[in-house]
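Here is what each chain is made of, one letter per residue.
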Amino acid sequence: MGLKNESAAGLAEARLAEWRRVNYDGWRAMLDDKDARHAIGDDGRRYRVVSYALDDGDGRIRMSVAVDGGTWSAFVPLVRDEIMNADGTFVE
């Protein structure tokens, strides 16, 4: 069974909402690091939520959040991302 479900997507979107409140320098600090945590989805299942930043070129930073429920979903996690410009605005 794949991971493409509303509970995992909700966790990814919630984590991105937290990152949207962090400034550009905070996102840059994540370029050499990642944040991994466990969370319980609204379906009662335990998920692993990993946040990491990638240099997207021209000063942009892509924050990606990957969510998996263990087992096979760890090989193909659900991923959501957001891109911030150097001026702190988000790419639409």
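Look up: the structure comes first, before these words.
The following paragraphs examine the structure supplied in this document. Small disclaimer: the values here were computed from a predicted structure and weren't measured. (Residues numbered from 1 in each chain as written. Predicted model: local features only at pLDDT ≥ 70, side-chain atom pairs only at ≥ 80, totals over all residues. Heavy atoms only, no water.)

1. A short note on the side chain of Arg15
Summarising the element assignment, Arg15 is placed in helix 1 (residues 6–20). A polar atom in the side chain of Arg15 sits 3.1 Å from the side chain of Asp35. Within the local environment of Arg15, its side chain forms a polar contact with the side chain of Ser51, the two groups lying 3.2 Å apart. If we skip the residues at most four places from it in the chain, Arg15 touches Asp35, Arg37, Val49, Ser51 and Val65. (Helix = DSSP H or I, 4+ residues; strand = E, 2+ residues; numbered from the N terminus. Polar contact = N/O pair within 3.5 Å; in protein donor to acceptor, adjacent residues only side chain to side chain. Contact = heavy atoms within 4.5 Å.)

2. Re the packing of aromatic side chains
Counted by the stated rule, this structure contains 2 aromatic pairs. Measuring from centroid to centroid gives 5.5 Å for Trp72 and Phe75, while their planes differ by 40 degrees, and the two rings are tilted. You can call Phe75 exposed: its relative accessible area is 64%. (Phe/Tyr/Trp six-rings, centres within 6.5 Å; stacked < 30°, edge-to-face > 60°. Buried < 20%, exposed > 50% of the residue type's maximum accessible area, 1.4 Å probe, protein only.)

3. Some points on unusual backbone geometry
Residues other than glycine seldom take positive phi values, yet Asp58 does so here, at roughly 55 degrees. Look at Asp58 and you get exposed, because its relative accessible area is 73%. In this structure, Thr71 is a non-glycine residue whose phi angle is positive, near 45 degrees.

4. As for the pattern of salt bridges
Per the counting criterion, the structure on display carries 11 salt bridges. For Glu13, the salt bridge goes to Arg80, with nearest N and O atoms at 3.6 Å. Of this pair, Glu13 sits in helix 1 while Arg80 sits in strand 4 (residues 78–84), and the two are 67 residues apart along the sequence. Relative accessible area serves as the criterion here: at 35%, Glu13 is assigned to the partly exposed category. A residue is classified by how much of its surface remains accessible, and Arg80, at 31% relative accessible area, is partly exposed. Where Arg15 meets Glu18, a salt bridge forms, and the shortest distance between an N and an O atom there is 2.4 Å. Of this pair, Arg15 and Glu18 are both found in helix 1, 3 residues apart, which corresponds to roughly one turn of the helix. Each of Asp56, Asp58, Arg60, Arg62 and Asp81 takes part in one network of salt bridges that share partners. (Salt bridge = Lys/Arg side-chain N within 4 Å of Asp/Glu carboxyl O.)

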